[in-house]
Amino acid sequence: MIAQNLLKIKEKLPSGVRLAAVSKFHPVERLQEAYAVGQRIFAESRPQELAAKVPQMPSDVEWHFIGHLQTNKLKLVLPYAALVQSVDSLHLLEAIQTWAAANRKCVPVLLEVHISSDATKQGFDAGEVRSILQRTGDFPDVRFCGLMGMATLTDDETVIRSDFARLSALFSEIRSTRPELADFRELSIGMSDDWPLALEAGSTMVRIGTAIFGPREY
Ligand SMILES: *Cc1c(COP(=O)(O)O)cnc(C)c1O
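Residues numbered from 1 in each chain as written. Predicted model: local features only at pLDDT ≥ 70, side-chain atom pairs only at ≥ 80, totals over all residues. Heavy atoms only, no water.

Chemist: Report on the pattern of salt bridges, specifying residues and quantitative values.
Modeler: Applying the stated rule across the entire model yields 14 salt bridges. Between R135 and D138 there is a salt bridge, with the nearest N and O atoms lying 2.8 Å from each other. For D138, a relative accessible area of 45% puts it in the partly exposed group. Between D183 and R185 there is a salt bridge; the shortest N-O distance is 3.9 Å. Connected via shared salt-bridge partners are E44, R46, E49 and K53. (Salt bridge = Lys/Arg side-chain N within 4 Å of Asp/Glu carboxyl O. Buried < 20%, exposed > 50% of the residue type's maximum accessible area, 1.4 Å probe, protein only.)

Chemist: An account of the side chain of H26 is needed here, citing residue identities and associated values.
Modeler: By the element assignment, H26 lies in the loop between β1 (18–22) and α2 (28–36). Leave out the neighbours within four places in its chain, and H26 touches L31, E49, K53, F213, G214, P215 and R216. (Helix = DSSP H or I, 4+ residues; strand = E, 2+ residues; numbered from the N terminus. Contact = heavy atoms within 4.5 Å.)

Chemist: Lay out the side chain of E49 in plain terms, naming residues and giving numbers.
Modeler: Position of E49 relative to the elements: it lies in helix α3 (residues 47–53). A distance of 2.6 Å separates a polar side-chain atom of E49 from the backbone nitrogen of F25. The contact partners of E49, leaving out residues within four places of it in the chain, are S23, K24, F25, H26 and E44. (Polar contact = N/O pair within 3.5 Å; in protein donor to acceptor, adjacent residues only side chain to side chain.)

Chemist: Explain the state of the cysteines to me, using residue names and the numbers behind them.
Modeler: Across all of its chains, the model carries 0 disulfides by this definition. In this structure C106 is not part of a disulfide, and its nearest cysteine sulfur, from C145, lies 7.8 Å away. Under the relative-accessibility criterion, C106 is labelled partly exposed at 38%. (Disulfide = S-S within 2.5 Å.)

Chemist: Describe the site of the ligand, naming the residues involved and giving the relevant values.
Modeler: The ligand sits among V22, K24, I66, M148, M150, M191, S192, R207, I208, G209, T210 and R216. One nitrogen or oxygen atom from the side chain of K24 is found 2.7 Å from an oxygen atom belonging to the ligand. Taking T210, its side chain carries an N or O atom lying 2.6 Å from an oxygen atom of the ligand. When the free accessible area of the ligand is taken as 390 Å², the share hidden by the protein chains comes to 90%. For the shell around the ligand, the per-class residue count stands at 6 nonpolar, 3 polar and 3 charged. (Near = heavy atom within 4 Å. Areas by Shrake-Rupley, 256 points an atom, 1.4 Å probe, with all protein chains shown as cover. Nonpolar A, V, L, I, M, F, W, Y, C, P; charged D, E, K, R; others polar.)

Chemist: So what about the packing of aromatic side chains? Which residues, and what values?
Modeler: Scanning all chains against the criterion turns up 4 aromatic pairs. Seen in terms of ring centroids, F42 and W63 are 6.0 Å apart; in terms of plane orientation they differ by 45°. Their pairing is tilted. With F42 in strand β2 (residues 41–44) and W63 in strand β3 (residues 62–65), the pair connects residues that are 21 residues apart, well separated along the chain. Using a relative accessible area of 0% as the deciding quantity, one classes F42 as buried. Just above the ring of Y35 sits the side chain of R40; from NZ or CZ to the centre is 3.5 Å. A cation over an aromatic ring shows up here: R46 above the ring of F25, its NZ or CZ 3.8 Å from the ring centre. (Phe/Tyr/Trp six-rings, centres within 6.5 Å; stacked < 30°, edge-to-face > 60°. Lys NZ or Arg CZ within 6 Å of the ring centre and 35° of its normal.)

Here is the structure:
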């Protein structure tokens, strides 16, 4: 089932669009099934779960972190994550910089942008993103690789399209006004229910869980 789900999605992804398989809450056996048919990027949202899964999977897995990250959990995540997609506060960004300097590492991140009209207000607004990117010099050991966002939880495609369009416009604006940000290439939008709309809006990476692994058991 997992293999078929993956194949079905992959054949619709344009080349150049990467697929992060969101494996949170799924046992490692499911991840291994996906790995066996070639999936290499896995995304987790809980620090302990990520740290527990890493040693159980082959070493060429590319782990992404997509959940809310508390600064006291950095050591469970940053040694393993090839990309932290969910940097949602200045406080977290500063803590990542401190950890990176102390551990002589460079940490690739996406800035999470609040684009939905849902009540939970996780992530930066456009102004905050611009101002952080004005001072990348304050974060010499953080690599700013792009933006991540989640559309409003709704069946109304007009709303979802407009959420994605706003984020895509911000992404394009930064790419064109800040060409010196050479690593700023990733627009991570699109989940199980809305990834085709995200592709239309210029997604470079989709994050898909349920449509690959089935429903999560919380
Ligand atoms: C859980 C999660 C996903 C995947 O959601 P599905 O609807 O299962 O595809 C994608 N992005 C983030 C940030 C998530 O937390």
